[in-house]
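Tertiary structure, described
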Number of protein chains: 2
Amino acid sequence: MATISSSFITYSSPKLYSSCSSPSKPRFTCSASNNDRMAFIDFPYVSTSHKHLMLDLVSTVQNRLNSFLNPCTLPPDVESYQNETGTAHAALHLQSGVQSSPIDFVLGSWLHCKLPSGGALNITSLSAYLNSSTDAPNFLVELIQSSPTSMVLILDLPPRVDLVLDPEYLKTFYEDTQLDKHRQYLDQLSEVKPYFSSSLYIRSVVSPTAILVRIETEGLEEMIKTHISPIAKEVLKTWLDVCAFGDRVVGESERDYLKKRDEMSKSKTIEIDLGSNLPRLFGQETANRVLEALREVF
Amino acid sequence: MATISSSFITYSSPKLYSSCSSPSKPRFTCSASNNDRMAFIDFPYVSTSHKHLMLDLVSTVQNRLNSFLNPCTLPPDVESYQNETGTAHAALHLQSGVQSSPIDFVLGSWLHCKLPSGGALNITSLSAYLNSSTDAPNFLVELIQSSPTSMVLILDLPPRVDLVLDPEYLKTFYEDTQLDKHRQYLDQLSEVKPYFSSSLYIRSVVSPTAILVRIETEGLEEMIKTHISPIAKEVLKTWLDVCAFGDRVVGESERDYLKKRDEMSKSKTIEIDLGSNLPRLFGQETANRVLEALREVF
């Protein structure tokens, strides 16, 4: 069946995209909640643990960054869309940062796609991009579930500078924060294996402490609850404390570099994730609509 | 027992360093060959397959780059050295590139270190660094054998630019060359597992197609002969054809950037690999002598 790509990884066979919401309070809540207009915050297709984790992360971001974020202004048919046959649904939620904030934008998404096997692919993601007032890393979490017993987890603070040239940056954001301990912890679980994105560009964008793993277990619900959730929450907390609310002084010349690098990274991510997959999944018209809305912010 | 670090990775517990040769013909051959002055090319402590592979790679580099390389001018007590108790031996071989060549230098090494368990740690490595007349990737291979049944393999063309900013570079050197197929091939073997360097800096330096694997098998000799050797030779061939002999035009402003990045990468690599390990293994005096000789070229 159709193949979808998430906002950050290229998933070898089925891929997906999604996200949404309306500018009400809480901002991530959408008013509509039927099959045609299922909101980002509804996470209607995923398992309980998966949903609880995403809701927790979304509400934490919402609470901590509240004063930094503009309302979501995506058109309703970009906040939520589906294909003609109703086998693929997606939701998007996008909030830009207010002028004085360090936030570029926060993007949430989910995608649901029926598989020929009778199962379904479900991808949920939440990412936060900082603007050029700071060079601190971005945040990304993505859960890609292709069966009740199999999941790919992407959890990272992607760096915004060339780490080879900047060992101090590496120390500040990756060594001093002890981010690698989470990757090491998961690495010791027999159900968890390293995952390699099929996109070399995506592999280049992530940090050296990135958690990119495939989890195969009959007890996936318990695994998410016991192991994945605490780690994802901890990594988000690190990002909020050290990156979003950290004090980084960025000079004018560095800002130009940051803007250039951020733009390249975002445009390549869109191209890799959505360029070919969105039309295949949702048809060219819907794909154009969604891509156009995203490009306005990216 | 002592811990040694190789020229490129930080090996979690025992680590090592090494390499050598005299400016005779063939250039990688050393005249002396006793315990005190065992030459780089002798590879005296490793298994037959391991030795054959390294000899093959060294002679390929030697043959293809012959006219590009100056003789090795390391002092004899840096070309080969050992600790006071004779439990750790190492050899180094270093040849700088001639003025008109794209070669900065070629560095070969081995290290042997007796382990408290009665076994030994053996590390062999070969790396080639290009100068700022080109921005093409460097070459690195390293075999770290801590027992007759266990080996870490590092095989990569480390990039010399920020890949996030330069998708064309990624395409030229990593996608078009299909380097990832080698990593994928090894990934399918049950004896092979991904390996993560304990140094985040080293993880940042390698490419997205880097082969960083741990191999655990009773049939390590056969594994090296059948699977590792063909891949290592193929990756070296790619490096020679596309990088060392490729045509890259580098502008003056890019050269400054390259020099800065190369210097940072090399000095950090020395610091991480050798800074603390060499004194511990060989004593401060020998460590200073070796580090000083390397810093002259690095």
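Fair warning: this is a prediction, and the values are worked out from it, not measured in the lab. (Residues numbered from 1 in each chain as written. Chains lettered and ligands numbered in written order. Predicted model: local features only at pLDDT ≥ 70, side-chain atom pairs only at ≥ 80, totals over all residues. Heavy atoms only, no water.)

**Topic: helix 1 (residues 48-65) of chain A**
All names here are of chain A. For helix 1, spanning 18 residues, the distance from its first C-alpha to its last is 25 Å, which sits close to the expected 26 Å at 1.5 Å a residue. Those residues of helix 1 that fall on the buried side of the exposure criterion are Ser49, His50, Leu53, Met54, Leu57, Val58, Val61, Gln62 and Leu65. Buried residues along helix 1 sit against strand 2 (88-96), strand 3 (103-114), strand 4 (120-130), strand 5 (139-147) and helix 6 (220-244). (Helix = DSSP H or I, 4+ residues; strand = E, 2+ residues; numbered from the N terminus. Expected span 1.5 Å × (residues − 1). Buried < 20%, exposed > 50% of the residue type's maximum accessible area, 1.4 Å probe, protein only. Contact = heavy atoms within 4.5 Å.)

**A look at the pairing of strand 8 (residues 211-216) of chain A**
Consecutive side chains along a regular strand alternate between the two faces of the sheet. All names here are of chain A. As paired elements, strand 6 (residues 150-156) and strand 8 share 6 bridges and run antiparallel to each other. Looking across to strand 8, one finds that Ile154 is bridged to Leu212. Looking at chain direction, strand 7 (residues 192-194) and strand 8 are connected through 3 bridges and run antiparallel. When the sheet's bridge partners are listed, Val192 is paired in strand 8 with Ile215. (Pairing = 2+ DSSP bridges.)

**Quick look at the sheet that holds strand 5 (residues 139-147) of chain B**
All names here are of chain B. Taking strand neighbours across the sheet as the criterion, the 8 strands line up as 1-2-3-4-5-6-8-7 in an open arrangement whose pairing is antiparallel. Both outer strands of the open sheet, strand 1 (80-82) and strand 7 (192-194), are each paired with one neighbouring strand and no more. Adjacent strand axes in the sheet meet at a mean angle of 15°, parallel and antiparallel pairs treated alike. Relative to strand 6 (residues 150-156), strand 5 runs antiparallel, the two sharing 7 bridges. Counterpart to Leu140 in the pairing with strand 6 is Asp156. (Axes fitted to C-alpha atoms, helices over the stretch in contact; angles between N-to-C directions.)

**Some points on the relation of the copies chain B and chain A**
Here chain B sits on chain A after a turn of 180° about the axis and a move of 0.0 Å along it, with an RMSD of 0.0 Å. Expressed as an axis order, the relation between the two copies is that of a two-fold axis. Minimal C-alpha distance to the rotation axis in chain B is attained by Asp162 of chain B, lying at 2.9 Å. (Least-squares fit on C-alpha atoms with pLDDT ≥ 70 in both.)

**Let's talk about the interface of chain B and chain A**
Counting from both sides, the interface comprises 25 residues of chain B and, opposite them, 25 residues of chain A. For the chain B and chain A pair, buried surface summed over both sides reaches about 2,400 Å², with 71% attributable to carbon and sulfur atoms. Together, Val164, Leu165 and Leu200 of chain B form the three largest contributors to the area buried by chain B at its contact with chain A, with a combined 28%. Put simply, chain B and chain A have 4 salt bridges between them. Put simply, Arg261 of chain B and Asp162 of chain A hold a salt bridge, and the shortest N to O gap is 2.7 Å. (Buried area = accessible area lost by both parts, 1.4 Å probe. Salt bridge = Lys/Arg side-chain N within 4 Å of Asp/Glu carboxyl O.)

**Structural notes on the packing of aromatic side chains**
Summed over all chains, the structure comprises 15 aromatic pairs over all chains. Look at Phe139 of chain A and Trp239 of chain A: their rings are 6.0 Å apart centre to centre, the planes differ by 40°, and that puts the pair in the tilted class. Of this pair, Phe139 of chain A sits in strand 5 while Trp239 of chain A sits in helix 6; the two residues are 100 residues apart in sequence, bridging distant segments of the chain. What makes Phe139 of chain A buried here is its relative accessible area of 1%. You can call Trp239 of chain A buried: its relative accessible area is 0%. Taken together, a centroid distance of 4.8 Å and an interplanar angle of 70° make the contact between Tyr81 of chain B and Phe282 of chain B edge-to-face. Taken together, the positions of Tyr81 of chain B in strand 1 and Phe282 of chain B in helix 8 (residues 277-282) put the pair 201 residues apart, joining distant regions of the chain. (Phe/Tyr/Trp six-rings, centres within 6.5 Å; stacked < 30°, edge-to-face > 60°.)

**Concerning the pattern of salt bridges**
Applying the stated criterion across every chain yields a total of 24 salt bridges over all chains. Asp241 of chain A is the salt-bridge partner of Lys237 of chain A, the closest N and O atoms lying 2.7 Å from each other. Separated by 4 residues within a single helix, Lys237 of chain A and Asp241 of chain A lie in helix 6, roughly one turn from each other. Residues Glu271 of chain B and Lys268 of chain B are paired through a salt bridge, measuring 3.4 Å at the closest nitrogen-oxygen approach. Here Lys268 of chain B and Glu271 of chain B lie together in helix 7 (residues 252-274), a separation of 3 residues that amounts to about one turn. Given a relative accessible area of 46%, Glu271 of chain B falls into the partly exposed group.

**Quick notes on helix 6 (residues 220-244) of chain B**
Helical periodicity: at 3.6 residues per turn, an α-helix aligns residues three or four positions apart in one direction. The end-to-end C-alpha distance of helix 6 of chain B is 31 Å, clearly below the 36 Å that 25 residues give at a rise of 1.5 Å each. The largest bend in helix 6 of chain B amounts to roughly 45° and is located at Ile228 of chain B, with the proline Pro230 of chain B lying one to four residues further along. (Bend = angle between axes of the 7 residues up to and from the residue.)

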